[in-house]
Amino acid sequence: MSTNISSVDEPTPQQMRTVIISSTVGTAIEWYDFFLYGTMATLVFPKLFFPASDHIVGTLLSLLTFLVGFIARPFGGAIFGHLGDKIGRKSTLVATLLLMGISTFIIGILPGYATLGVFAALLVTLMRLCQGLGVGGEWGGSVLLAMEYGHKNKRGYWASWPQLGAPLGLALSTIVVDIVQASMGTANFLSWGWRIPFFVSALLIIIGLYIRLRVMETPLFAKVKEQKREADAPLLHAFRHSTPEILLSAGSRFVEQAPFYLFATFVVTYGVDKLLLNKTMILNSIVAAAILEMCTIPLFGALSDRFGRRRWYLIGCVLMVVFAFPYFLLMNSGSTALFVLAVILSLAIFHSWVYGPQAALIAERFSTRSRYSGASLGYQLAAPLAGGLAPIIALLLLNGKTNLSALGLTGVVINIGAGSWQAVSIYMIILAAISFASVLGLKELAHADISSVEEDKVSSDVLILATED
């Protein structure tokens, strides 16, 4: 590509396609790695790294290592947000892709508890921490790569494309695991075959780097560089000018983040352990839902451009409340068809309704000088509470009582009363209510100009547009 895209105010369709492919494919690879760990945390790691635990506590311990990745994500957002606002979006995205890929490959070669004892669990937790740092910095950069090129028109639509990385990575990781497991049988898969999907990541990283290195810096950040107006401390700049927006953005994610991991991770444990359903059928249902979601995410992103992101998102919060109880009623019906319908509706409609416009909703309310930092923090601060804890909280709510003696806490029991799926539904409703209240505090900026590099988040003209919308 001979044209320097960074100097073009209005990229051509061909240039925009290159940008979208780069941001989406790179993000999909990172989410492949992230979700691959989540799948193994429910299927393999409880027995591989925590064999001394009983089944429920072993699953909890495995999911706790899953949580570590979420705890690391805000730190990754802060570290790579700083770099993205100082040196540029493109270079930072290359670094996040490498960090995620190397960490995932190392997990694939780690020995289990039988060889290293407790150190095996510590090492896999460390690699999960690195994964969290990588994905924490990836989201902001990939979204800005798309949005700052297509900032003038259809911002919600363009920014929604990197969001496809989540369902695409989920589908790809699930398909690879399913193929490997089916081809060698359960015994061989648990023994050594589970490592193959981690090795596949190395090939995907090479492809992702090739695509990502072909894209130039975004026009908006290139303008900041040309004017030598980079923020000295982007993280502090973001907090100084946009603390309410960061916190409200984090709150807006509760309706999407936690339900997603219930719909894509917890559902496997629930379907296998409580409903005694075939694991392959559940995984295939998740794949089908993720593929359909790849169509609805850009659709809902585009619709938010037309009807307003704030309004669209608030409707999505209400829909999640309405869906909380029917979701489990469909799964508990005893019908395989209705179970599959519940999985498809959960991801392809109710999750994507808010996930499609979410990228633009968050990123467009920060100035170019600290947009990577502000957007990343607003997005990733919700990860530990609304993401990593979600399957753990759901498991506790479902079982009601869990013995923690396998953790070395003899006689210690978590007892939250009689467990039930209804408690999980109420949990989903509370999450949606938190997001509804948070989005009410945000201005509508769907039609605002975000190209300013001034200190203020938005100019007076933007505030007028937001008020009139």
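Here the structure is shown first, and the text comes after it.
Residues numbered from 1 in each chain as written. Predicted model: local features only at pLDDT ≥ 70, side-chain atom pairs only at ≥ 80, totals over all residues. Heavy atoms only, no water.

## Points about the pattern of salt bridges
Logical step 1: Per the counting criterion, the structure on display carries nine salt bridges.
Logical step 2: Across the salt bridge formed by Glu256 and Arg253, the nearest N and O atoms sit 2.9 Å from each other.
Logical step 3: Note on Glu256: relative accessible area 2%, which makes it buried.
Logical step 4: Salt bridges sharing common partners tie together Asp85, Arg89, Glu148 and Arg371. (Salt bridge = Lys/Arg side-chain N within 4 Å of Asp/Glu carboxyl O. Buried < 20%, exposed > 50% of the residue type's maximum accessible area, 1.4 Å probe, protein only.)

## Describing empty space enclosed by the protein
Logical step 1: Taken as a whole, this structure holds four cavities of 30 Å³ or more when the rule is applied.
Logical step 2: If you trace the largest cavity, you find 14 residues lining it, with Gly38, Thr39, Ala264, Thr265 and Val268 closest to the centre.
Logical step 3: Elements with a contribution of two residues or more to the lining of the largest cavity: helix H1 (13–43), helix H8 (165–191), helix H12 (254–274) and helix H13 (279–307).
Logical step 4: Considering each element in turn, the lining of the largest cavity owes the most residues, six residues, to H1.
Logical step 5: Each residue belonging to the lining of the largest cavity can be placed in one class, and the counts come to nine nonpolar, five polar and no charged. (1 Å grid on protein atoms, 1.4 Å probe; cavity = no way out; pocket = protein on both sides within 12 Å on 5 of 7 lines; lining within 4 Å. Points joined across faces, edges and corners; volume = space filled by probe spheres on them. Helix = DSSP H or I, 4+ residues; strand = E, 2+ residues; numbered from the N terminus. Nonpolar A, V, L, I, M, F, W, Y, C, P; charged D, E, K, R; others polar.)

## Thoughts on H8
Logical step 1: Its 27 residues give H8 an end-to-end C-alpha distance of only 30 Å, which falls more than 12% under 39 Å, the value for a rise of 1.5 Å per residue.
Logical step 2: In the structure, H8 departs most strongly from a straight axis at Gly185, where the bend amounts to approximately 120°. (Expected span 1.5 Å × (residues − 1). Bend = angle between axes of the 7 residues up to and from the residue.)

## A short note on unusual backbone geometry
Logical step 1: In this structure, Lys228 is a non-glycine residue whose phi angle is positive, near 55°.
Logical step 2: For Lys228, the location among the structural elements is in the loop between helix H10 (219–226) and helix H11 (234–252).
Logical step 3: Judged by relative accessible area, which is 70%, Lys228 ranks as exposed.

## Brief notes about the packing of aromatic side chains
For any pair of aromatic rings, the description consists of the separation of the ring centres together with the inter-plane angle of the planes.
Logical step 1: Across all of its chains, the model carries 23 aromatic pairs by this definition.
Logical step 2: For the pair Phe266 and Tyr270, a centre-to-centre distance of 5.9 Å together with 25° between the ring planes defines the contact as stacked. Here Phe266 and its partner Tyr270 are both found in helix H12, four residues apart, which amounts to about one turn of the helix.
Logical step 3: Taking relative accessible area as the criterion, Phe266 reaches 4% and is therefore assigned buried.
Logical step 4: Consider the rings of Phe307 and Trp312, whose centres lie 6.3 Å apart with planes at 15°: the pair is stacked. (Phe/Tyr/Trp six-rings, centres within 6.5 Å; stacked < 30°, edge-to-face > 60°.)

## Digging into the environment of Gln257
Logical step 1: Tracing the backbone shows Gln257 in helix H12.
Logical step 2: Considering only alpha carbons, one finds Gln257 and Leu385, 128 residues apart in sequence, at a separation of 9.3 Å.
Logical step 3: Beyond its immediate sequence surroundings of up to four residues, Gln257 is in contact with Phe70, Arg73, Ala382, Ala383, Ala386 and Gly387. (Contact = heavy atoms within 4.5 Å.)

## Points about a nonpolar patch on the surface
Logical step 1: On the surface, a nonpolar cluster with roughly 600 Å² of combined accessible area is contributed by Leu116, Val118, Phe119, Leu122, Leu123, Leu126 and Leu129.
Logical step 2: Per element, the largest residue contribution to the nonpolar patch is six residues, and it comes from helix H6 (residues 118–147).
Logical step 3: Mapped onto the secondary structure, Phe119 falls in helix H6.
Logical step 4: Of the residues examined, Phe119 reaches a relative accessible area of 53% and is grouped as exposed. (Patch = residues over 30% accessible without salt bridge, like charges linked within 9 Å, V, L, I, M, F, W, Y side chains within 5 Å. Areas by Shrake-Rupley, 256 points an atom, 1.4 Å probe, with all protein chains shown as cover.)

## Examining the packing of helix H4 (residues 89–109) against helix H9 (residues 196–212)
Logical step 1: Taken N-terminus to C-terminus, the directions of H4 and H9 make an angle of 170°; their axes are 8 Å apart at the nearest point. Our classification of the angle between H4 and H9 gives roughly antiparallel. Viewed along their axes, H4 and H9 form a crossing whose handedness is left-handed. Of the residues in H9, those touching H4 at Lys90, Leu93, Val94, Thr96, Leu97, Leu98, Gly101, Thr104, Phe105, Ile107, Gly108 and Ile109 are Phe198, Phe199, Ser201, Ala202, Ile205, Gly208, Leu209 and Arg212. (Axes fitted to C-alpha atoms, helices over the stretch in contact; angles between N-to-C directions. Parallel < 35°, antiparallel > 145°, perpendicular 65-115°, else oblique. Left-handed = near helix turned anticlockwise from the far one by under 90°.)

## Remarks on helix H15 (residues 336–363)
Logical step 1: Taking 1.5 Å of rise per residue, 28 residues should cover 40 Å, and H15 covers 40 Å from first to last C-alpha, within 8% of that figure.
Logical step 2: A bend of about 60° at Ser352 is the largest found in H15.
Logical step 3: Burial runs high along H15: 20 of the 28 residues are buried.
Logical step 4: A side-chain oxygen of the first residue of H15 lies 3.3 Å from the backbone nitrogen of Ala337; this N-cap is Ser335. (Polar contact = N/O pair within 3.5 Å; in protein donor to acceptor, adjacent residues only side chain to side chain.)

## Observations concerning the packing of helix H14 (residues 309–331) against helix H18 (residues 421–440)
A pair of packed helices is characterised by two quantities: the angle between their axes and the separation of those axes.
Logical step 1: Axis separation between H14 and H18 bottoms out at 9 Å; the angle between their running directions is 175°. Classified by the angle between their axes, H14 and H18 sit roughly antiparallel to one another. Residues Arg310, Tyr313, Leu314, Cys317, Val318, Met320, Val321, Ala324, Phe325, Tyr327, Phe328 and Leu329 of H14 lie in contact with H18, whose contacting residues are Trp421, Gln422, Val424, Ser425, Ile426, Met428, Ile429, Ala432, Ser435, Phe436, Val439 and Leu440.

## Some thoughts on the environment of Tyr149
Logical step 1: Tracing the chain through its elements places Tyr149 in the loop between H6 and helix H7 (155–160).
Logical step 2: Sequence-wise, Tyr149 and Leu220 are 71 residues apart; in three dimensions their C-alpha atoms are separated by 7.6 Å.
Logical step 3: Within the local environment of Tyr149, its side chain forms a polar contact with the backbone oxygen of Met216, the two atoms lying 2.8 Å apart.

## Overview of the side chain of Gln181
Logical step 1: You can see Gln181 is positioned in helix H8.
Logical step 2: Overall, the relative accessible area of 11% leaves Gln181 in the buried class.
Logical step 3: Those residues in contact with Gln181, other than ones at most four positions away along the chain, are Thr186, Phe189 and Lys279.

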